[in-house]
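A structural walkthrough
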Amino acid sequence: EDKVVQSPLSLVVHEGDTVTLNCSYEVTNFRSLLWYKQEKKAPTFLFMLTSSGIEKKSGRLSSILDKKELFSILNITATQTGDSAIYLCAALNFNKFYFGSGTKLNVKP
Amino acid sequence: DGGITQSPKYLFRKEGQNVTLSCEQNLNHDAMYWYRQDPGQGLRLIYYSQIVNDFQKGDIAEGYSVSREKKESFPLTVTSAQKNPTAFYLCASSIRGETQYFGPGTRLLVL
């Protein structure tokens, strides 16, 4: 059965901390791994990772994919209260996106 | 301005009533998707469509129906057979094999 598992389910940190969110997947005909940020509305796209070992960065966020071990991580450095959200990862095969249950991040001042 | 629109933003359903959620995109994407999200949960796939006049069931299709008569439109009907319809419904679209983009969502509540 195809599945995506995220950990931890929730996380509480203080501003300035660095966090690492995990996403493991078992998806047949895997093509890409995507990360989204969801506040109190629709998810917004962060990264799409297709190649193993190549880090993608956007400001304080970065992500990398390991296709041998079937996982990805999302790092957020110098966290801010605006980073508080649910972070979703999704694995894409030819037809479908398989979503994890998300990691709820709470950044306290 | 390209994007995905969903309407209405909030929808109230009475017992035994069918309701239809609208999803329109002007991104020229072939693929469209419907997801359901319950509080504190991830996204669960209801239906998806890769091409006009064709669609496939997702993981939780029971109690829902869709149509794809036009490339731009993928409406979702929540039928009376869906006994627990209260949720946040998200429509998405993508170029096949590429990044998926989401509409703003519809919150469905049961009266």
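Report follows, based on the coordinates.

So, how was this worked out
Residue numbers restart at each chain and count upward from 1, following the sequence in its written direction. Think of it this way: whatever chain is written first is A, whatever ligand is written first is 1, and the rest follow in order. Where local features are concerned, this predicted model is filtered to residues with pLDDT of at least 70; where side-chain atom pairs are given and counted, the filter is 80 or more; whole-chain, interface and lining totals use all residues. Values shown for side chains rest on all heavy atoms present in the structure; no hydrogens or waters enter the calculation. Under the DSSP-based scheme used, a helix requires at least four consecutive residues in state H or I and a strand at least two consecutive residues in state E, with every element numbered from the N terminus. Radius of gyration here uses only the C-alpha atoms, and the compact-globule reference equals 2.2 Å multiplied by the residue count raised to the power 0.38. Three labels apply to residues, based on accessible area from a 1.4 Å probe with only protein chains included: buried if under 20% of the type maximum, exposed if over 50%, partly exposed otherwise in between. The contact criterion used is simple: two residues touch if any of their non-hydrogen atoms lie within 4.5 Å. Areas reported as accessible are Shrake-Rupley estimates using a 1.4 Å probe. Residue values count occlusion only from the protein chains shown. Note on charges: Lys and Arg go in the positive column, Asp and Glu in the negative column, and His and the chain ends are not counted at all. Charge positions are represented by NZ for Lys, CZ for Arg, CG for Asp and CD for Glu. Here, any two strands with at least 2 DSSP bridges between them count as paired. Angles shown run from 0 to 180 degrees and are taken between the N-to-C directions of axes, each axis being a line fitted to C-alpha atoms and, for helices, limited to the stretch in contact. Residues adjacent in sequence count toward polar contacts only when both atoms are side-chain atoms; beyond that, a polar contact is any pair of N or O atoms within 3.5 Å, and within protein one must be able to donate a hydrogen and the other to accept it. Only buried residues count toward a nonpolar core, which is a set of Ala, Val, Leu, Ile, Met, Phe, Trp, Tyr and Cys residues joined through side-chain atoms within 4.5 Å. Two parts lose some accessible area (1.4 Å probe) when they are put together, and adding that loss for both gives the buried area. Basic side-chain nitrogens of Lys or Arg form a salt bridge, by our definition, when they fall within 4 Å of a carboxyl oxygen of Asp or Glu.

1. Some thoughts on the overall build of chain B
Per the secondary structure count, chain B includes 0 helices and 11 strands. If you list the helices and strands of chain B from N to C, you get β-β-β-β-β-β-β-β-β-β-β. Rg of the C-alpha trace for chain B: 13 Å, near the compact-globule value of 13 Å for 111 residues, within the 12% margin. Judged by the C-alpha coordinates and their principal axes, chain B covers about 35 × 25 × 25 Å. In chain B, which comprises 111 residues, the proportion classed as buried is 50%. Long-range pairs, those at least 24 residues apart, make up 52% of the contacts in chain B with a sequence separation of at least 6. When the accessible surface of chain B is totalled, it reaches about 5400 Å², and 47% of it is carbon and sulfur. The distance from the centre of the 12 positive side-chain charges to the centre of the 11 negative ones in chain B is 7 Å.

2. A few points about the sheet that holds strand S3 (residues 19–26) of chain A
All names here are of chain A. Taken in spatial order, the 5 strands make up an open sheet running S1-S3-S8-S7-S6, and their pairing is antiparallel. If you trace the sheet from one side to the other, it starts and ends with strand S1 (3–7) and strand S6 (56–58), each paired once. Within this sheet the neighbouring strands show an average axis-to-axis angle of 15°, counted without direction.

3. Overview of the sheet that holds strand S8 (residues 76–78) of chain B
Residue and element names in this part refer to chain B. If you walk across this open sheet you meet the 4 strands as S1-S3-S8-S7, and the pairing is antiparallel. Every other strand in the sheet has two partners, leaving strand S1 (4–7) and strand S7 (64–66) as the edge strands with one partner each. Mean inter-strand twist for the sheet, computed between neighbouring axes without regard to direction, equals 20°. Here 4 bridges tie S1 to strand S3 (residues 19–25), and the two strands are oriented antiparallel to one another. Counted as the bridge partner of Gln-6 is Cys-23 from S3.

4. Some remarks on unusual backbone geometry
The peptide bond linking Ser-7 of chain A to Pro-8 of chain A adopts the cis configuration, its omega dihedral lying at -10°. Turning to its location among the elements, Pro-8 of chain A is positioned in the loop between S1 and strand S2 (10–14). Along the chain, Ser-7 of chain B connects to Pro-8 of chain B via a cis peptide bond; the corresponding omega equals -5°.

5. Focus on the environment of Gln-82 of chain B
Residues and elements named next belong to chain B. Mapped onto the elements of the fold, Gln-82 is located in the loop between S8 and strand S9 (87–94). Distance in space between the C-alpha atoms of Gln-82 and Gly-97 is 31 Å, their sequence separation being 15 residues. Other than its neighbours up to four places away in sequence, Gln-82 contacts Arg-13, Arg-36, Glu-62, Gly-63 and Tyr-64. A polar contact of 3.1 Å, which involves the side chain of Gln-82, links it to the backbone oxygen of Glu-62. Reaching out from Gln-82, the side chain makes a polar contact with the backbone nitrogen of Asn-84 at a distance of 3.1 Å.

6. Structural notes on the nonpolar core
Counting 23 residues, the largest nonpolar core has Val-4, Tyr-25, Leu-33, Trp-35, Tyr-87, Ala-91 and Leu-105 of chain A as its most contacted members. For Tyr-25 of chain A, the contacting residues outside a window of four places in its chain are Lys-3, Val-4, Phe-30, Leu-33, Leu-65, Asp-66, Lys-67, Leu-70, Phe-71 and Ala-91 of chain A. Within the second largest apolar cluster, 20 residues are counted, among which are Leu-11, Met-32, Ile-60 and Ala-87 of chain B.

7. Some details on the interface of chain A and chain B
Taken together, the contact between chain A and chain B spans 19 residues of the former and 23 residues of the latter. When chain A packs against chain B, the two sides together hide about 1600 Å² of surface, and 56% of this comes from carbon and sulfur. Area buried by chain A at its contact with chain B is led by Asn-95, Lys-96 and Phe-97 of chain A, which between them contribute 31% of it. For the salt bridge of Lys-96 of chain A with Asp-59 of chain B, the shortest nitrogen-to-oxygen distance reads 3.9 Å. Across the contact surface, chain A and chain B share 3 residue pairs in polar contact (both at pLDDT 80 or more). Of all the secondary-structure elements, those providing two or more residues to the side of chain A that touches chain B are strand S4 (32–38), strand S5 (44–49), strand S9 (85–92) and strand S10 (97–99) of chain A.

Scope: geometric values only; no functional claims are made or implied.
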